[in-house]
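Observations on the model geometry
These are the residues of each chain, in order.
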Amino acid sequence: VQLQASGGGLVQAGGSLRLSCAASGRTFSSYVMGWFRQAPGKEREFVAGISWSGSSTYYADSVKGRFTISRDNAKSTLYLQMNSLKPEDTAVYYCAADPILTKIVRTGPNGIDYWGKGTQVTVSS
């Protein structure tokens, strides 16, 4: 599956952004989807994940209550609504896909089957 993330940009602290990830090539609903981010000098980290149907969602503690992950299987698109943004949210955000739930939400970025190119999110103070 090919993934293309978009929607990043520059926003002031407290603002909002909505990221999208368009998928093509395989049956979108066959994959667990996730968002990861990587700040300069840091390792890529899990942000949020969503099950195949969208019935279950998972979040890193740092974004709980501020970010919402969702998916539209009819449109083969993944979303990340980011509210109350903080400067520490600044990073390149990547969408990822894998048929196995634990590879997205538990075991970290290594071994995940598919990645999109990142989109930069910059939050100014």
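These lines cover the structure that appears in this document, whether it is placed above or below.

**As for the overall build of the chain**
What the chain contains, in helices and strands, is one helix and eleven strands. Tracing the chain from N to C terminus, the helices and strands come up as β-β-β-β-β-β-β-β-β-α-β-β. By its C-alpha atoms, the chain is 40 × 25 × 25 Å across when sized along the principal axes. Contacts in the chain between residues far apart in sequence, at least 24 positions, make up 57% of those at least 6 positions apart. When the accessible surface of the chain is totalled, it reaches about 6,200 Å², and 47% of it is carbon and sulfur. Put simply, the chain has 13 plus and 8 minus side-chain charges, and the middle of one group is 4 Å from the middle of the other.

**Brief notes about the environment of Ser29**
Note on placement: Ser29 falls in the loop between strand 3 (17-24) and strand 4 (32-38). Sequence separation between Ser29 and Ser76 is 47 residues, and the spatial gap between their C-alpha atoms is 7.7 Å. Beyond its immediate sequence surroundings of up to four residues, Ser29 is in contact with Trp52, Arg71 and Asn73.

**Notes on the pattern of salt bridges**
For the structure shown, the criterion picks out six salt bridges. Glu45 is the partner of Arg37 in a salt bridge, and the nearest nitrogen-oxygen pair spans 2.7 Å. Note on Arg37: relative accessible area 6%, which makes it buried. Given a relative accessible area of 36%, Glu45 falls into the partly exposed group.

**Quick word on the sheet that holds strand 3**
Read across the open sheet, the four strands follow the order 1-3-8-7; overall the sheet is antiparallel. Either end of the sheet is taken by a strand with one partner, and the two such strands are strand 1 (2-6) and strand 7 (67-72). Averaged over neighbouring strand pairs, the angle between their axes works out to 15° when direction is ignored. The pairing of strand 3 with strand 8 (residues 77-82) spans six bridges and is antiparallel.

**Description of the pairing of strand 5 (residues 45-50)**
Most of strand 5 sits inside the fold, with five of its six residues counted as buried. Sheet topology note: the strand 4/strand 5 ladder contains five bridges and is antiparallel. From the neighbouring strand, Arg37 faces strand 5, where its bridge partner is Glu45. Relative to strand 6 (residues 57-59), strand 5 runs antiparallel, the two sharing three bridges. Bridge pairing in strand 6 links Ile50 to Thr57. Linkage of strand 5 to strand 6, two consecutive antiparallel strands, is achieved through a turn of six residues, within which Gly54 is found at a positive phi near 95°.

Cut-offs used in this document
Residues numbered from 1 in each chain as written. Predicted model: local features only at pLDDT ≥ 70, side-chain atom pairs only at ≥ 80, totals over all residues. Heavy atoms only, no water. Helix = DSSP H or I, 4+ residues; strand = E, 2+ residues; numbered from the N terminus. Contact = heavy atoms within 4.5 Å. Areas by Shrake-Rupley, 256 points an atom, 1.4 Å probe, with all protein chains shown as cover. Lys, Arg positive; Asp, Glu negative; His and termini not counted. Charge placed at Lys NZ, Arg CZ, Asp CG, Glu CD. Salt bridge = Lys/Arg side-chain N within 4 Å of Asp/Glu carboxyl O. Buried < 20%, exposed > 50% of the residue type's maximum accessible area, 1.4 Å probe, protein only. Pairing = 2+ DSSP bridges. Axes fitted to C-alpha atoms, helices over the stretch in contact; angles between N-to-C directions.

Spatial relationships are all this shows, so hold off on functional conclusions.
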